[in-house]
Each structure stands twice: as structure tokens, then as C-alpha cells.
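# What the coordinates show
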Amino acid sequence: MKVRVMDTTLRDGQQCLMATRMKTGDMLPLCEDLNRIGFHSMEVWGGATFDSCLRFLNEDPWDRLRALRRALPDTKLQMLLRGQNVLGYRHYADDVVREFVRLALKNGIDIIRIFDALNDTRNMGAAIRAVKEFGGHAQGTVVYTISPLHSIDHFVETAREIVEMGVDSLCIKDMAGLIAPQDAFELVTRFKAEFALPLDIHSHYSSGMAAMSYLKAVEAGVDVIDTALSPLALGSSQPCTETMVAALQGTPYDTELDLNALSRVSERLKKLLGNYPDIKGSAYTVDTNVVSYQIPGGMISNFISQLGDQVSKLPEVLAEVPRVRADLGFPPLVTPSSQIVGTQAVLNVVAGQRYKMVSNEVKNYLAGQYGRFPGQIDETFRRSIIGETSVVSGRFADTLAPELPAAKQGVAPLLEQEEDVLSYALFPQVAEKFFKDRYALKYGVDYDLAAKKDGYPV
């Protein structure tokens with residue numbers, strides 16, 4: 001059975017190893033060659049790229065998507081969507097989810113991979129329905145993790161709920177590189193036996209196991225593997241495309257991709273990365289702490305940044321993460337739950353007393369605002385953090401009023417396209433600054449000064 005390849009170089013590869021700092025102008029010269037490779041799809045958008053474009057690169061993420069769509073006319077484009085979190089860090093109202101999906105598909109996305117950090121399938125429904133409504137391919141995702149609660153049966157039952165929502169394919173998302181080869185084999189075997197849908201496996205090389213796990217997944221019948229071109233592979237990124245293609249050549253699973261063509265693109269990419277000399281470091285290495293503490297690779301660099309001059313306490317923080325995770329009912333450590341657990345672990349260590357300081361995100365989590373806890377929360381612990389605050393038992397988004405009308409009104413004079421409303425709804429402060437900079441560049445006048453004079457250029 002031919003195995004297909006989903007290329008992550010321009011999204012997850014550069015997100016993991018370049019802090020999502022690759023500029024659109026550096027991507028486009030590679031696209032003609034990438035378009036000819038014959039990938040199953042290319043992941044080029046979503047995840048942290050949207051925020052990073054606005055916040056760090058002074059780029060419009062919608063412009064990036066449209067440019068990549070034009071440059072990759074023969075390749076399916078894919079994106080990662082955080083379910084009800086869309087591309088942000090809180091739950092948004094259903095009207096935001098639906099409109100975002102509509103515009104993502106309109107601007108060039110073909111496949112939307114949808115996940116929920118807690119594997120609460122209720123938080124995936126609105127996005128899945130919107131993808132189907134507007135003619136896209138909905139890929140439902142099961143987040144893989146290790147805990148006393150997470151078993152193969154648990155993952156299969158989660159997938160069953162997703163399949164009943166009408167998705168077009170499934171993905172096993174191992175965001176921390178935790179899945180061992182035999183576990184990958186057994187999990188893929190069960191999925192293929194239970195569900196008559198194409199199956200993708202996504203992992204990271206953080207622990208050093210991912211390529212072995214991919215091979216076992218391939219032997220078990222997985223349809224698609226996620227890889228990155230060699231200059232942006234390994235470490236906290238995905239297994240290397242060229243390596244996997246070479247390993248499968250001449251077998252029943254041959255990808256039929258041209259290894260020489262891949263190598264040529266990789267050489268060009270390697271030269272391009274010379275434009276980013278400051279982006280380097282531990283993200284390129286294997287970190288066995290991933291297995292010991294079940295922490296995604298990017299979390300450790302975040303800890304170092306958060307600890308500052310107390311970086312010597314990093315081992316204490318790493319040891320604290322599993323304890324916080326257990327207190328919170330063993331959520332998978334993927335955005336945003338990884339940030340919630342990680343930040344609280346740092347606070348516990350720095351304060352010298354557990355939960356002396358508690359983040360608002362932990363309080364919101366314990367109030368059910370991120371979804372259903374995977375495991376039970378100790379009631380005494382919960383009350384010590386949020387008192388008598390009631391816990392949302394249903395889908396939190398059902399408590400949210402529509403958000404688009406206020407978003408449109410909030411920056412009405414700055415809007416130049418319908419997509420701007422979504423940018424502002426997701427990241428209001430960051431988007432507003434971007435819009436004002438765009439305004440000043442276009443009209444040669446500071447927006448706030450123009451507003452005071454009530455003389456907006458048109």
C-alpha cells in the first residue's frame with residue numbers, strides 16, 4: 001500500500017525549529033519546486049503562524065495564505081485548527097468559528113485538521129460542521145498522550161465520537177513525540193479495524209522515537225505520515241521527509257516521491273535558513289526529558305524564559321509538571337493546556353509553595369471553561385482554587401454570545417477586508433496594532449492623529 005506524505009516544513013517544521021519566524025517572502029521561492037513533488041498535502045497555515053505573522057513579522061496571515069495558494073496550485077493546502085479555540089488561547093463563540101472556517105476555505109485551504117486540547121469532542125463539533133458546510137475536508141484529530149487515564153480503548157472511543165460527527169479522515173496527533181513504536185502499531189491497527197477512513201499519524205522527533213514509530217504505523221496500515229524537509233526536521237519537529245522516503249523505497253509502502261527532487265529543495269532551504277542566524281539551539285536535539293516528564297519540546301525553552309535568573313530551578317519545574325497535570329485531571333500537554341500546566345508549575349516552584357499563586361487560566365480551567373476534564377478533579381483542591389464558583393458541565397461555547405458584531409464595530413475604520421474582522425476577533429490588541437501600522441504605511445499619517453482630527457483618509 002502506497003504511503004502518502006504530508007509536508008509540514010512551512011508550518012509545524014518552522015514553528016518548532018524557527019519559533020514561527022519564517023517570512024512569506026522566503027517561502028514563495030521554494031513553492032514551484034515543492035508544488036511538483038507530489039505531496040498528499042502541505043501544512044502551510046494555522047497553529048501559531050497566524051499570531052506570529054501579525055505579532056512578529058508585520059505580515060497579514062490572510063495575504064500569506066492567498067500567496068501560497070497561488071504558488072502551490074497543484075497541491076492540497078492544509079491547516080491546524082484548535083477547535084473552539086480556533087487559533088487562539090480561549091474559547092470563541094460559534095459565529096467566530098464558523099466564519100473563520102468559511103474564510104480559511106475561501107482563501108485557499110483544502111484540509112482543516114481539527115483538535116481539542118482535552119479530547120473533548122464537543123469542542124470540535126462547530127468547526128467540523130462548518131468545514132462540511134463550506135465544502136472543505138474535515139480531519140478529526142485524537143490527541144495522543146500518556147497517563148493512567150489514556151489507553152488505546154480511550155483513544156478509540158474518542159475517535160468514534162469524532163467519526164460520528166462526519167469527518168472525512170482521522171489523525172493521531174502525538175504533539176510531544178511520546179508514542180513508542182509498538183504503541184503506534186497497536187493504535188493504528190485498532191483505528192484501521194474500527195474506522196473506514198483514511199488515517200494520518202503526526203509525531204515529533206523530540207524523544208528520538210518518531211521515525212521508528214512511523215515505520216510501525218506504516219506496517220499497521222496508516223495512510224499518511226507527517227514529515228518535514230531535512231533542514232527543518234528532527235529535534236522538536238517531525239521526522240525527516242528524505243529519510244522516510246528512502247526507508248520506504250522498494251517496499252510495498254513506497255511513497256513514490258523523487259528523493260533527488262526532495263534533496264534539491266532541501267539544499268535551497270538550507271541556504272535560505274542562513275537568513276535566520278539567531279534561530280538555533282536545543283530544539284534541534286533529542287531531549288529524553290520528553291519521555292520522563294511527557295513535556296513537548298517547546299515547553300522547556302518556555303520554562304527557561306519564564307524562570308529568567310532562576311533558571312537553576314528548571315529541574316524542579318520539570319518535576320512539578322507531572323504533579324500539576326495530575327491535579328488537573330491529566331490533560332494532554334498541547335496548546336493551550338500545555339501552557340496552562342507549564343505556567344502553573346513555574347509559579348509553584350518560584351513561589352516556594354504550591355498554588356500560592358494561581359494563574360487565571362488555571363482558574364478558568366477548573367471552572368470548566370476549556371472543556372471536560374479527562375480525569376476527576378479533587379473537590380477540595382478545586383474549592384481551594386476557585387471557591388464556590390460553579391463548574392460549567394456543558395459545552396462552554398454554549399454560554400458565549402456571538403462575538404463578530406462587536407469585533408466588526410471595534411475597529412471599523414481600520415477594516416480593509418472581511419478577513420480583518422476575524423484577525424481582530426482572535427487577537428484584538430495585536431491585530432489593532434497591525435491595522436494601525438498598515439494604515440500609516442498606506443496613507444502616510446498616524447491613525448490615532450487622524451482620528452483625533454476626524455479626518456480619516458479614504
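Up top is the structure these notes are about.
Residues numbered from 1 in each chain as written. Predicted model: local features only at pLDDT ≥ 70, side-chain atom pairs only at ≥ 80, totals over all residues. Heavy atoms only, no water.

## Topic: the environment of Glu-432
Relative to the elements of secondary structure, Glu-432 occurs in helix α20 (residues 428–443). Residues Glu-432 and Leu-415 lie 17 residues apart in sequence; the distance between their C-alpha atoms is 9.7 Å. Excluding its chain neighbours within four sequence positions, the residues that come into contact with Glu-432 are Val-411, Leu-414 and Tyr-424. (Helix = DSSP H or I, 4+ residues; strand = E, 2+ residues; numbered from the N terminus. Contact = heavy atoms within 4.5 Å.)

## A short note on the pattern of salt bridges
Should their charged atoms come close, side chains of opposite charge can pair. If you walk through the whole model with that rule in mind, you get 42 salt bridges. Among the salt bridges present, the one from Arg-113 reaches Asp-226, with a minimum N-O distance of 2.8 Å. You can see Arg-113 sitting in strand β4 (residues 111–114) and its partner Asp-226 sitting in strand β8 (residues 224–227), a full 113 residues away along the chain. Given the relative accessible area of 1%, Arg-113 is considered buried. As a salt-bridge pair, Glu-379 and Arg-383 come within 3.1 Å of each other at their nearest N and O atoms. Pair noted here: Glu-379 and Arg-383 are both in helix α17 (residues 379–386), with a separation of 4 residues, about one helical turn. In this structure Glu-379 comes out as partly exposed when scored by relative accessible area, which is 37%. Look at Arg-383 and you get partly exposed, because its relative accessible area is 45%. Here the residues in one salt-bridge network are Asp-153, Glu-157, Arg-160, Arg-190 and Glu-194, joined through shared partners. (Salt bridge = Lys/Arg side-chain N within 4 Å of Asp/Glu carboxyl O. Buried < 20%, exposed > 50% of the residue type's maximum accessible area, 1.4 Å probe, protein only.)

## With respect to the nonpolar core
Within soluble globular proteins, side chains that are nonpolar generally end up buried alongside one another. Membership of the largest hydrophobic core comes to 102 residues, with the highest contact counts inside it found for Met-22, Trp-45, Leu-81, Phe-100, Phe-191 and Ile-225. Among the elements that make up this core, the one with the highest residue count is helix α5 (residues 94–106) (7 residues). In this structure Trp-45 touches Arg-11, Phe-50, Pro-61, Trp-62, Arg-64, Leu-65, Gln-78, Met-79, Leu-80, Phe-100, Ala-104 and Ile-109, once residues within four positions along its chain are discounted. Core analysis: the next-biggest nonpolar cluster, separate from the first, contains 29 residues, Phe-303, Leu-333, Leu-366 and Tyr-370 among them. (Core = buried A, V, L, I, M, F, W, Y, C linked by side-chain atoms within 4.5 Å.)

## Details of the environment of Gln-310
For Gln-310, the position within the fold is in the loop between α13 (297–307) and α14 (314–327). The class of Gln-310 is partly exposed, set by a relative accessible area of 27%. Sequence spacing of Gln-310 and Val-349 is 39 residues, and the spatial spacing of their C-alpha atoms is 10.0 Å.

## Here we look at the packing of aromatic side chains
For the structure on display, the rule yields 15 aromatic pairs. Relative to Phe-373, the ring of Tyr-365 has its centre 5.3 Å away and its plane inclined at 40°; by these criteria the two rings are tilted. Note on accessibility: Tyr-365 and Phe-373 belong to one class, buried. Cluster of aromatic residues (ring-pair linked, three or more members): Trp-45, Phe-50, Trp-62, Tyr-89, Phe-100 and Phe-427. Across from the ring centre of Phe-56, 3.7 Å away, lies the NZ or CZ of Arg-21, which sits over that ring. When the ring centre of Phe-185 is taken as reference, the NZ or CZ atom of Lys-216 above it lies at 4.9 Å. (Phe/Tyr/Trp six-rings, centres within 6.5 Å; stacked < 30°, edge-to-face > 60°. Lys NZ or Arg CZ within 6 Å of the ring centre and 35° of its normal.)

## Examining the side chain of Ser-41
Note on placement: Ser-41 falls in strand β2 (residues 41–46). By relative accessible area, which is 0% here, Ser-41 ends up buried. Reaching out from Ser-41, the side chain makes a polar contact with the side chain of Gln-78 at a distance of 2.7 Å. Setting aside residues no more than four positions away along its own chain, Ser-41 makes contact with Val-5, Met-6, Asp-7, Thr-75, Lys-76, Gln-78 and Ile-111. (Polar contact = N/O pair within 3.5 Å; in protein donor to acceptor, adjacent residues only side chain to side chain.)

## Some remarks on helix α1 (residues 9–18)
In terms of burial, α1 is a largely internal element, 9 of the 10 residues being buried. For α1, the set of buried residues is Thr-9, Leu-10, Arg-11, Asp-12, Gly-13, Gln-14, Cys-16, Leu-17 and Met-18. Note on α1: the residue one or two positions beyond its end, Ala-19, has a positive phi of about 55°.

## A word on the packing of helix α10 (residues 241–248) against helix α11 (residues 259–272)
In the contact formed by α10 and α11, the axes pass within 10 Å of each other and the chain directions differ by 170°. Put simply, α10 runs roughly antiparallel to α11. Contacts from Thr-241, Glu-242, Val-245 and Ala-246 in α10 reach Leu-259, Leu-262, Ser-263 and Ser-266 in α11. Across the contact of α10 with α11, the residue classes break down as 4 nonpolar, 3 polar and 1 charged. (Axes fitted to C-alpha atoms, helices over the stretch in contact; angles between N-to-C directions. Parallel < 35°, antiparallel > 145°, perpendicular 65-115°, else oblique. Nonpolar A, V, L, I, M, F, W, Y, C, P; charged D, E, K, R; others polar.)

## A few points about the side chain of Ser-237
With respect to the secondary-structure elements, Ser-237 resides in the loop between β8 and α10. A residue is classified by how much of its surface remains accessible, and Ser-237, at 0% relative accessible area, is buried. Separated by 2.8 Å, the side chain of Ser-237 and the backbone oxygen of Leu-232 make a polar contact. With near-sequence residues (within four places) excluded, Ser-237 lies in contact with Gly-13, Cys-16, Leu-17, Ser-203, His-204, Tyr-205, Ala-228 and Leu-232.

## Some details on the environment of Asn-35
Position of Asn-35 relative to the elements: it lies in helix α2 (residues 24–37). Overall, the relative accessible area of 12% leaves Asn-35 in the buried class. In this structure the C-alpha to C-alpha distance between Asn-35 and Glu-432, which are 397 residues apart in sequence, comes to 34 Å. Asn-35 has contacts with Ala-71, Leu-72, Pro-73, Asp-74 and Thr-75, leaving out every residue within four places of it along the chain. Within the structure, the side chain of Asn-35 is placed 2.9 Å from the side chain of Asp-74, a separation counted as a polar contact. There is a polar contact of 2.9 Å between the side chain of Asn-35 and the side chain of Thr-75.

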